[in-house]
Amino acid sequence: MSNKLGEILIELGLLEKANLVRALKAQHELGDKLGDILIKLGMIKEEERVKALSTQLDLPMIEKSDFPSEPLFTSKISANFLKKSKIIPLSEDLESIALAMADPLDQYAVEAMSMLSGKKVKLYIGMEKDTLKLQQFDVIMRMLEPLILLIVKIVVMIEITVMKPKQMDIWI
């Protein structure tokens, strides 16, 4: 199998050669990544790009269902950096950190994650829309955290106020 994205898409039956030629011309003019151009022009779907990149880069694909239920490393790594780099941290062990990336060719992001974690990076490829959805969930949870703490404080205050008179009755 070829090592070029366009040729892989053709070999997988996901793209016609004439469309590849058109997309390559657009890439030359716009300077964008070929996969992005193919999606913008409606020639392939994001899932097809991920499948082809997985083949090209020999990286395992990850499904949204494989993402952690809660975002990881939020105290160690800037949420803004993760969002811009389209990265979802998946897991960590003593030697490595596993990442799902929509753009595993972003070498700067990979090296930054290795440096920030002090560990070797294991890459998985995921769809951009899935990484963004999980990051939006993380942002919402961070925004709700102060509200949740306030609610807990109010509940504790109510509990103390309600329980105190009952405790006093016992001792009288």
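Relevant structure appears above.
Residues numbered from 1 in each chain as written. Predicted model: local features only at pLDDT ≥ 70, side-chain atom pairs only at ≥ 80, totals over all residues. Heavy atoms only, no water.

## As for the sheet that holds strand β3 (residues 120-125)
Consideration 1: With mixed pairing, three strands are arranged side by side in an open sheet as β1-β2-β3. Only two strands of the sheet have a single partner each, and these edge strands are β1 (87-92) and β3. Each adjacent strand pair in this sheet contributes to an overall mean axis angle of 30°, direction not counted. (Pairing = 2+ DSSP bridges. Helix = DSSP H or I, 4+ residues; strand = E, 2+ residues; numbered from the N terminus. Axes fitted to C-alpha atoms, helices over the stretch in contact; angles between N-to-C directions.)

## Section: the nonpolar core
Consideration 1: L9, L15, A23 and L38 are the most contacted members of the largest nonpolar core, which has 17 residues in total.
Consideration 2: Put simply, the parts of the chain that give this core at least two residues each are α1 (5-11), α2 (17-30), α3 (34-40) and α4 (46-57).
Consideration 3: Formed by 15 residues, the second largest nonpolar core is a distinct cluster that contains L82, M101, V110 and M113. (Core = buried A, V, L, I, M, F, W, Y, C linked by side-chain atoms within 4.5 Å. Buried < 20%, exposed > 50% of the residue type's maximum accessible area, 1.4 Å probe, protein only.)

## Describing unusual backbone geometry
Consideration 1: Positive phi values are uncommon outside glycine, yet D58 reaches one of about 55°.
Consideration 2: Take D58: it is sitting in the loop between α4 and α5 (79-85).
Consideration 3: Of note in this structure, K86 is not a glycine but carries a positive phi near 55°.
Consideration 4: Its location among the elements puts K86 in the loop between α5 and β1.

## Details of α4
Consideration 1: With twelve residues, α4 should reach 16 Å at 1.5 Å per residue; the first-to-last C-alpha distance of 16 Å fits that figure.
Consideration 2: Within two residues after α4, D58 carries a phi angle of roughly 55°, on the positive side. (Expected span 1.5 Å × (residues − 1).)

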